[in-house]
Amino acid sequence: MPIELVFVIGMVVLFTLALKVKANAFISLLATALVMGLLSGMSGPATIKAITGGFSGTVKSIGIVIIFGIMVGNFLDAAKGTNRMALDTIRMVGQKHASLAMAITGYIVSIPVFSDAAFVILSPLLKALHKKSGIPLAILAVSLSAGLLATHVYVPPTPGPLAAAGLLGIDLGQSIMWGAFAAVFMTLFGWIFAELYFRNKPESYYTFRSDEEQEKEMVQPTLEEDSNLPGTWASLLPLLLPIILILLNTSCSMLLPKGHYIRNVTSFIGDSNIALAIGSVAAIMTLGGRLGKEKVLKIMDKSLSDAGSIVFITAAGGALGAVLKQSHAGASLANLVINTGLPFILIPFVISGLLKIVQGSGTVAVVTAATLCAPIASKLGLNPILIFLASGAGARSCCHVNDSFFWVYTNCMGFDMKTGLRTLSISNVAMALGGLFATYIASLVL
């Protein structure tokens, strides 16, 4: 059977299972890998070997990192370190520029903390800021969302980009640098769109849930009520320390010869597994005293539970990637791309965008697009970072009713579904274009 047809059938299987049958991503990816392997002419044992090899190899490369990355985020969440970051940012830029402060806060906070949880944590502060500054609530909410959703799809140790970097074989330090670069553009595009589009909208543009009046009667914290929050450095250290160590390892590997004693040290402490473990220890040391021993142990247990599904989905993506590689689907698809003349960089963007729009998960969209496009990029000799960036841009194409963040956003702000679509969903288009623009800039350099 022609490999192009095998690929099409595989995509039909993947989309049918994920979207029609509603099977979870783990089952969908493994089933697709099995179908494509057998239809491509690989024997049954060879297909199983490719699947298990890709699965185990992926777990080995990013499993521990995901666990410790989630652990750091859970400690910051429980100790309210994210609230400290938000207040410090507001005071740094001033209340007149509160929307920018929210965008910056979201950009920072969503690196260690899931975007859904981060929005819930920061929403009372956002409402208090709205009351005090008079800035329309939609501008503040969309600006915060822009920062949260940008680093959520771009900057490790957030699970989605971390998994994509592992599947594409990208050095973690480089993925952090380029992801942070692209996330700036994505955040800026979302923030600017919010400022321009919602600034002069009439009150009638926004509609609220029927229980909104009840929410308004609830006591909300003010900007000054931060005496019970951890200190600035206690909040930042668990986040910054592993990133600095990873970037230090990347820099020394580029600048120093093999065998140099400094490079030997940085290659150990800057290894992604060790760096994130050090970040987790730093979180326990700086924030554990506020939480107590029992809470610390519960967070550690919860982190293992939270990481399980993400590790398995990512490993299933690795299994599919191994089948694509061993069946030579990548080489065939690369030739097809060359013959059509379609700009390659749009392929991961479109795949990720379609997956995001239809099934809702940005993490699944990024991982799947990276898996499918990696063998094509290898054949064409393109830098895999471009796939990484384009996939992240596509994963921000639209956040709507099948995305949990959409409902977190609308419920926390009191908006009804219509207003959620007219504010958050439409602003995601601007964010995706920001990520795609950053990808284009990167393509001129890489």
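In this text, all values refer to a predicted model and were calculated from it rather than measured experimentally.

So what's going on with the overall build of the protein chain? Which residues, and what values?
When its secondary structure is counted, the protein chain shows 20 helices and zero strands. The C-alpha radius of gyration computed for the protein chain amounts to 22 Å, which stays within 12% of the reference 22 Å derived for 446 residues, consistent with globular compactness. In terms of overall dimensions, the protein chain has a C-alpha envelope of 65 × 55 × 40 Å along the principal axes. Counting across all 446 residues of the protein chain, residues that qualify as buried make up 54%. The long-range fraction of contacts in the protein chain, counting pairs at least 24 apart against all pairs at least 6 apart in sequence, stands at 81%. Total accessible area on the protein chain stands at roughly 18500 Å², and carbon and sulfur atoms take up 67% of it. Put simply, the protein chain has 28 plus and 21 minus side-chain charges, and the middle of one group is 7 Å from the middle of the other.

Could you give me a rundown of the pattern of salt bridges, with the residues and numbers involved?
The full count for this structure, using the stated rule, is three salt bridges. With a closest N to O distance of 3.4 Å, Asp88 and Arg84 form a salt bridge. In this pair, Asp88 and Arg84 are both assigned in helix α4 (residues 81-93), four residues apart and thus about one turn of the helix distant. Given a relative accessible area of 24%, Asp88 falls into the partly exposed group. Look at Arg84 and you get buried, because its relative accessible area is 11%. Across the pair Lys298 and Glu294 runs a salt bridge whose closest N-O atoms are separated by 3.6 Å. Note that Lys298 and Glu294 are positioned in helix α14 (residues 293-326) at a spacing of four residues, about one turn of the helix. With respect to class, Lys298 is no different from Glu294; both count as exposed.

An account of the environment of Ile385 is needed here, citing residue identities and associated values.
Examined against the element boundaries, Ile385 turns out to sit in helix α18 (residues 384-394). Given a relative accessible area of 2%, Ile385 falls into the buried group. Along the sequence, Ile385 and Val142 sit 243 residues apart, while their C-alpha atoms lie 28 Å from each other.

For the nonpolar core, give the residues involved together with the corresponding values.
Counting residues in each nonpolar core, the largest one holds 129 residues, and the members touching the most others are Phe119, Tyr154 and Phe198. Sorting elements by how many residues they give to this core places helix α7 (residues 137-154) first, with 13 residues. In contact with Tyr154, other than residues within four places in its own chain, are Pro161, Ser175, Gly179, Ala182, Ala183, Met186, Phe388, Leu389, Gly392, Ala393, Gly435 and Thr439.

How would you summarise the packing of aromatic side chains if you had to cite specific residues and measurements?
Here a ring pair, both rings aromatic, is described through the centre-centre distance and the interplanar angle of the planes. All chains considered together, the criterion is met by 17 aromatic pairs. Between Phe119 and Phe405 the ring centres are 5.5 Å apart and the planes differ by 75°, which places this aromatic pair in the edge-to-face class. Of this pair, Phe119 sits in helix α6 (residues 115-133) while Phe405 sits in helix α19 (residues 404-413); the two residues are 286 residues apart in sequence, bridging distant segments of the chain. Given the relative accessible area of 1%, Phe405 is considered buried. Clustering of aromatic rings is evident, with ring pairs tying together Phe119, Phe193, Tyr197, Phe198, Tyr205, Tyr206, Phe208, Phe405, Tyr409 and Phe415. Geometry around Tyr205 places Arg422 over its ring, the cationic atom sitting 4.0 Å from the centre.

Explain the environment of Ile269 residue by residue, including any values.
Structurally, Ile269 can be placed in helix α12 (residues 261-269). Overall, the relative accessible area of 25% leaves Ile269 in the partly exposed class. Along the primary structure Ile269 and Leu248 are separated by 21 residues, whereas in three dimensions their C-alpha atoms are 9.2 Å apart. If sequence neighbours within four positions are ignored, Ile269 has contacts with Leu245, Ile274, Ala275 and Ile278.

Please set out empty space enclosed by the protein residue by residue, giving values where relevant.
Enumeration over the complete set of coordinates arrives at one cavity of 30 Å³ or more. By volume, the largest cavity is sized at about 30 Å³. What lines the largest cavity is simply Gly69, Val72, Pro112, Pro157, Pro238, Leu239, Pro242, Ile243 and Leu276. Of all elements in the fold, only α3 (44-78) and α11 (232-255) reach the threshold of two or more residues within the lining of the largest cavity. Looking at the lining of the largest cavity, the element that brings in the most residues is α11, giving four residues. Of the residues in the lining of the largest cavity, the class split is eight nonpolar, one polar and no charged.

Conventions we followed
Residues numbered from 1 in each chain as written. Predicted model: local features only at pLDDT ≥ 70, side-chain atom pairs only at ≥ 80, totals over all residues. Heavy atoms only, no water. Helix = DSSP H or I, 4+ residues; strand = E, 2+ residues; numbered from the N terminus. Rg over C-alpha atoms; globule rule 2.2 N^0.38 Å. Buried < 20%, exposed > 50% of the residue type's maximum accessible area, 1.4 Å probe, protein only. Contact = heavy atoms within 4.5 Å. Areas by Shrake-Rupley, 256 points an atom, 1.4 Å probe, with all protein chains shown as cover. Lys, Arg positive; Asp, Glu negative; His and termini not counted. Charge placed at Lys NZ, Arg CZ, Asp CG, Glu CD. Salt bridge = Lys/Arg side-chain N within 4 Å of Asp/Glu carboxyl O. Core = buried A, V, L, I, M, F, W, Y, C linked by side-chain atoms within 4.5 Å. Phe/Tyr/Trp six-rings, centres within 6.5 Å; stacked < 30°, edge-to-face > 60°. Lys NZ or Arg CZ within 6 Å of the ring centre and 35° of its normal. 1 Å grid on protein atoms, 1.4 Å probe; cavity = no way out; pocket = protein on both sides within 12 Å on 5 of 7 lines; lining within 4 Å. Points joined across faces, edges and corners; volume = space filled by probe spheres on them. Nonpolar A, V, L, I, M, F, W, Y, C, P; charged D, E, K, R; others polar.

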